[in-house]
Amino acid sequence: MMKEKMGICLLFFSSLFFSLTGEEILRKVDSNLNFTTAVLTMRMEIYLPNQPVRVKRLKSWTEGSARSYVEFLNKEDKHTRYLKLGKQMWVYDAEENNTFLISGHLLKQGMMGSDISYEDALEADEIYEKYTIKLDQEETYEGRACYVVILTAKVKEVSYYQRKMWVDKEYFVPLREERYASSGKLLKVLESGDLKFFDGKAYATRSVVSDKLKAGTKTVVIIEDASFDVPLQKDIFTRRYLER
Amino acid sequence: MLPLLKMALRNIQRNRRRSLLAILSVGLSLMMVVVLQGLVDGLVENIMKNSTKNDTGHIRIVEEEYFKNISTMPIQYLVYNPEEVVAFLESDPKMTEKITLITERIKFPVLLQYKGNNKAALGIGGDVEKEKSLLMLDRAIVEGRYLSGRVQQQNEKKLREVIVGKKMAETLELKVGDSFSLMLSGADLGIHIPRFLVVGIFETGLNMLDENLFFLGIDDAKEVLKTSGGVQEILIMLKRYQEAPYVAASIEKKLKEREEFAYLRAVDWKSAGGFVGMLEQAMSIYSLLYVVITLLGAFIITNIMMMIVLERRREIGILKSMGLKKREILFLFTLEGTILGGIGSVAGVVVGTLINIPLAIYGLDFSSSLQNMNFPMDNVVKWMISAGSIVGSMFLGIMVSAIMSLIPSRHAAKMKAVDAIRSI
């Protein structure tokens, strides 16, 4: 009887010791996406009410989380290029030979009319500094066992006061994220799927983003091709290259 | 009838001070009603004029989805081949005899950034010539010049001419000759970063325009926003704006005759909502206010008539015993009250109109009150005088006086002759 009780206590304490915290879960998500460089070819489908679907094809070159360069492959947007350096984002229009630094309230606009805002792209790497992270519970989502992690803002300078993530327990890939305002109003929903494996790491190749402040809109991003840890052109992350 | 009228007139003169009090009370009320009505009518006319020429037109032809989201001015929902739509409408003589102007417009909200300053602004692309009759910005130029309709080149860079509001120029520290860039999301959902050259600064006296607006040619707007020739609105101005709902319905019916135009809607300025819709609702409240003010003024007639009835009880008894019927007594006293109210109404309306005349010519300057407001209202508001309002106010005064006289008159009519004579 005594041995059984001790066994139960040991099991209980060891489960406390070895279970993951919210932050640990997200760090595992990050390590899953850990690469020095990445080159992605993507298709972005923009859905607006009573409008035909707009399809844009783009290619991005990324170094870590701070540097990124994007070109469009579809004819209509070939003149547009983006450059992200740290917390700054420039856009270049080759037709007008003009560059613009996106700042202030413009960051809240959707990229190319999509439901993905510029600040969504810029804020991606700052969650640990800006949020307290807590494991809420475990749940099944789309047939997958998931950790439900809740991020609550600890600073005022955030786009979303609270974020709720469903993280696949096996592959540590976020499958769903809900983003809320401080009033509790749901602002955005992100759903990911179609997992593919690169160097043994799982990567969601299809994401659907819907801005809940707009009726009947959504943006679907599909990764058509991905290469990781490949050498990149040295000057690709420069204003000169952007404006060539 | 005539003898009763003569009696009423004579009775009114029996106590001149009391009669004067009644006349003054009604007169003051009617004077207030006339002045207030002049202000409200002037305000409504001003707001309606500014709203229609600057914003809604008398009628707008738009795409259905654009109308549903009109507050955000989405650039994706366009009237394509607008020149064909215009030509189609102009081919109908029944339409052209009602219309004074048809023009195209594109509107796009932007965040202007210049020299570290930010300003939420509205860009309007319009026909440079036709907008001289609508926005009338050519007359409001205080620095530089109006648009020439040409695109300029500077160091191989294209510069499109714009004129900006004076207050906006001050906020952004923009001067004539400066150029700025905008990041625009076009109808193709692509990003475009055109350059604009400030060729002129305007000051209209309307905060809504001076603080928020920059204006460019319609062809430039179509090009920078990649509309493929489409526009968000075809604006129509009519000879008589009151006919707008009827003409809009006719236009919409006509557009449905052609399949390629069937997706369009014709919306009159009243259906557009916004300030104009608010005004429509406010007007009914103001009408009630006029009645209440008049009632308050005429209330004194009830008091005075009651006093008269009580004072002249014996006289009423004698009149009844002499054969005057109930309805004749009722009529006599009501007539007295109505005459007092009528004289007061006429006096009040005349004095009120005399006050309104200089206010209609010179107006009052509300610029300090309107400083931080974006109403489609000129800073100087002029009163409006109309024959309809004058006659209507007079009629209101007389009617209310008659009604207020009824209560004491009924009291007099119901008196029994014997009881009345005995009350000394």
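Residues numbered from 1 in each chain as written. Chains lettered and ligands numbered in written order. Predicted model: local features only at pLDDT ≥ 70, side-chain atom pairs only at ≥ 80, totals over all residues. Heavy atoms only, no water.

Asks: Explain the overall build of chain B to me, please; I cannot follow it from the model alone.
Replies: Summing up its helical and strand segments, chain B has 15 helices and 15 strands in all. At 31 Å, chain B has a C-alpha radius of gyration far larger than the 22 Å of a compact globule built from 424 residues. Here the C-alpha coordinates of chain B stretch approximately 105 × 50 × 30 Å along the principal axes. Going through the 424 residues of chain B one by one, you find that 52% of them count as buried. Considering only contacts within chain B whose residues lie at least 6 apart along the sequence, 78% involve residues at least 24 apart. (Helix = DSSP H or I, 4+ residues; strand = E, 2+ residues; numbered from the N terminus. Rg over C-alpha atoms; globule rule 2.2 N^0.38 Å. Buried < 20%, exposed > 50% of the residue type's maximum accessible area, 1.4 Å probe, protein only. Contact = heavy atoms within 4.5 Å.)

Asks: Whenever I open this one, the confidence of the model for chain B confuses me. Can you help?
Replies: Low-confidence regions, as indicated by low pLDDT, have predicted coordinates that should not be scrutinised in detail. Chain-level pLDDT for chain B is 88 on average; 96% of the residues reach the 70-or-more range. Taken together, the chains of this predicted complex give a pTM of 0.75 and an interface ipTM of 0.80. (pLDDT = per-residue confidence, 0-100.)

Asks: Please explain the environment of I407(B) as it appears in this structure.
Replies: Relative to the elements of secondary structure, I407(B) occurs in helix α14 (residues 387-414). Residues I407(B) and G42(B), 365 residues apart in the sequence, show an inter-C-alpha distance of 37 Å.

Asks: So what exactly am I meant to see when it comes to the interface of chain B and chain A here?
Replies: The parts lose accessible area when they come together, and the size of an interface is often stated as this lost area. Taken together, the contacts link 22 residues of chain B with 29 residues of chain A. When chain B packs against chain A, the two sides together hide about 2100 Å² of surface, and 50% of this comes from carbon and sulfur. Area buried by chain B at its contact with chain A is led by M183(B), L189(B) and I193(B), which between them contribute 34% of it. Where chain B packs against chain A, one counts two salt bridges. Across the pair E96(A) and R160(B) runs a salt bridge whose closest N-O atoms are separated by 3.2 Å. Run the count over chain B and chain A and you get 16 residue pairs in polar contact (both at pLDDT 80 or more). Contributing elements (two or more residues each) for the side of chain B that touches chain A: β2 (99-114), β6 (157-165) and β9 (191-192) of chain B. With three residues, the single largest contributor to the side of chain B that touches chain A is β6(B). (Buried area = accessible area lost by both parts, 1.4 Å probe. Salt bridge = Lys/Arg side-chain N within 4 Å of Asp/Glu carboxyl O. Polar contact = N/O pair within 3.5 Å; in protein donor to acceptor, adjacent residues only side chain to side chain.)

Asks: Can you walk me through the nonpolar core in this structure?
Replies: Nonpolar side chains tend toward joint burial in soluble globular proteins. Counting residues in hydrophobic clusters, the biggest one holds 51 residues, and the most contacted among them are I61(B), F214(B) and I251(B). Broken down by element, this core gets its largest block of residues, seven residues, from β2(B). Residues A38(A), L106(A), Y118(A) and Y66(B) belong to the second largest nonpolar core, which totals 39 residues. (Core = buried A, V, L, I, M, F, W, Y, C linked by side-chain atoms within 4.5 Å.)

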